[in-house]
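Listed below, chain by chain, are the residues.
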Amino acid sequence: MKQDFFQYQAPTTPFAPALEVSHARGNYIFDVHGNEYLDCVAGVSALPLGHCHPAVTTAIKKQVDLYMHVMVYGEYAQEPAVELCKKIAQHMPAPLQMTYLVNSGTEAMEAAIKLARRVTGRSELVSMQKAYHGNTMGSLSLMDYEERKAPFRPLLPQVKHIKFNCQSQLNIITDKTAAVIIESIQGGAGFIMPHTSWLKALKEKCQQTGALLIIDEIQPGMGRTGSMFYFTQHDIIPDMVITGKGLAGGLPIGALTASSKHLNMFKEAPMLGHITTFGGNPVIATAALATMTELEKGDLINAVKVKELRFRESLINKHIKEIRGVGLMLAVILADEQHTAAIVDECRNRGVLFFLLLFEKKAIRITPPLTISQDEIDKACHILNEVISKFYN
């Protein structure tokens, strides 16, 4: 399989380990050679309930026997999508009560950019330095990493970048700005946490200038930080929220949530202002509904802070300079970047999966399923501590 993987499947890097997956259950992935791997990546934060959670797989199987794709998005009333949108609304502050379902987080961001321009009649966008919102052309335009952007130019014009948590740069937002777009926690930049005072000042600046505030919850959402959505911990109400990754428990999904006043603008001037064939797919919506329902029970989300503490107390190593992030969205920051990739590889050889971050080369990603146990945390931390010491001593 590995040979065919490299021959027929388009690559993204020269360094893919090509782990040959046989099956996955709970917090473990198994390869075709009978090896098991404790998963501390969760598909890059996409599996809050772990692999093949019975609540999700049972719901999927039931829905498959009823109907799968029947019509493009927005034409027929399909119970899974309707109930999912209602469920999302229950976890959002007013007036964020309407959701447009799509196929990925980056597609939801594209829709948000379009909607912001439609609502405001403006074209300028302000995003953050070291932002990551996806890789489609609009989402890529929001990034300030020229090495990644240059080969694909021209991209969207009129995009300005400001520093995350920098209040003095908020003056760049003006009455020409359609939207300011932020991650509630900067992911690719190294799990940078926002200051509540900055978020409040940012929201106030948007209100003063008439710019819309769009918050990307694609990675922090779905209980990973100890609440269903992280922005709700800061007592601010954005104009739009983007979700994805873990929302459907392992199936592809994205969602744009906003007010009905704003989202109704997609239906006229022009009609079909945003279109998707498979957005709101009933099988995927069913998986998302089951995922959110399971998370609502509270046990997993309530335990997130305790599990975070266990990681922080167990990862004691003189070569770890800090642990960034919150909940089960953590990044171990090493002294330098010389061994980071090799450490991740060696941990995989020892049966624990970690991963890297996009911009912060000194970071090791720890984003396990919320279902990870205390004993599994201890196992992961023991191996990571040993491997870090091996490479630096």
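Parameters at a glance
Residues numbered from 1 in each chain as written. Predicted model: local features only at pLDDT ≥ 70, side-chain atom pairs only at ≥ 80, totals over all residues. Heavy atoms only, no water. UniProt positions renumbered as here; feature names shortened; annotations may be inferred. Salt bridge = Lys/Arg side-chain N within 4 Å of Asp/Glu carboxyl O. Helix = DSSP H or I, 4+ residues; strand = E, 2+ residues; numbered from the N terminus. Buried < 20%, exposed > 50% of the residue type's maximum accessible area, 1.4 Å probe, protein only. Pairing = 2+ DSSP bridges. Contact = heavy atoms within 4.5 Å. Axes fitted to C-alpha atoms, helices over the stretch in contact; angles between N-to-C directions. Phe/Tyr/Trp six-rings, centres within 6.5 Å; stacked < 30°, edge-to-face > 60°.

Per an unreviewed UniProt entry, the recorded name for the protein chain is Aspartate aminotransferase family protein, and the organism is Nonlabens mediterrranea. You can read under Cofactor (unreviewed entry) in the UniProt record for the protein chain the words "pyridoxal 5'-phosphate". As its UniProt record puts it under Sequence similarities (unreviewed entry), the protein chain is described as follows: "Belongs to the class-III pyridoxal-phosphate-dependent aminotransferase family."

## Some words on the pattern of salt bridges
Applying the stated criterion across every chain yields a total of 15 salt bridges. Note that Glu-360 and Arg-324 form a salt bridge whose closest N and O atoms lie 3.5 Å from each other. Of this pair, Glu-360 sits in the loop between β13 (352–353) and β14 (363–366) while Arg-324 sits in strand β11 (residues 320–326); the two residues are 36 residues apart in sequence, bridging distant segments of the chain. As a salt-bridge pair, Glu-346 and Lys-390 come within 3.7 Å of each other at their nearest N and O atoms. Here the residue Glu-346 occupies a position in helix α13 (residues 340–349), and Lys-390 occupies one in helix α14 (residues 374–392), the gap between them amounting to 44 residues. Residue classification places Glu-346 among the buried positions, given a relative accessible area of 16%. Residues joined in a network through salt bridges with shared partners are Glu-346, Arg-350, Glu-386 and Lys-390.

## Some words on the sheet that holds strand β3 (residues 36–39)
Spatially, 4 strands are ordered β1-β2-β3-β13 in an open sheet, and the strand pairing comes out mixed. In this open sheet, the two edge strands, each paired with only one partner strand, are β1 (21–25) and β13. As paired elements, β3 and β13 share 2 bridges and run parallel to each other. What sits directly across from Asp-39, in β13, is Leu-353. Each of β2 (28–31), β3 and β13 is contacted by α14, which is oriented at about 100° to β3, the strand it contacts most.

## Examining the packing of aromatic side chains
Taken as a whole, this structure holds 6 aromatic pairs when the rule is applied. Summarising the aromatic geometry, the rings of Tyr-28 and Phe-30 are spaced 6.5 Å apart at their centres and angled 35° between planes, so their arrangement reads as tilted. Residue classification places Tyr-28 among the buried residues on the basis of a relative accessible area of 17%. Ring pairing ties together the aromatic residues Tyr-73, Tyr-100 and Phe-266, which thus form one cluster.

## Some remarks on the pairing of strand β9 (residues 240–243)
Along β9, one buried face is formed by Met-240 and Ile-242 and the opposite face, lined by Val-241 and Thr-243, is buried too. Bridge analysis of strand β8 (residues 212–216) against β9 gives 3 bridges, and the strand direction is parallel. Across the sheet, the residue bridging to Ile-214 is Met-240, located in β9. Relative to strand β10 (residues 254–258), β9 is paired through 4 bridges, and the arrangement is antiparallel. Residue Met-240 lies in a different strand from β10, and its bridge partner there is Ala-258.

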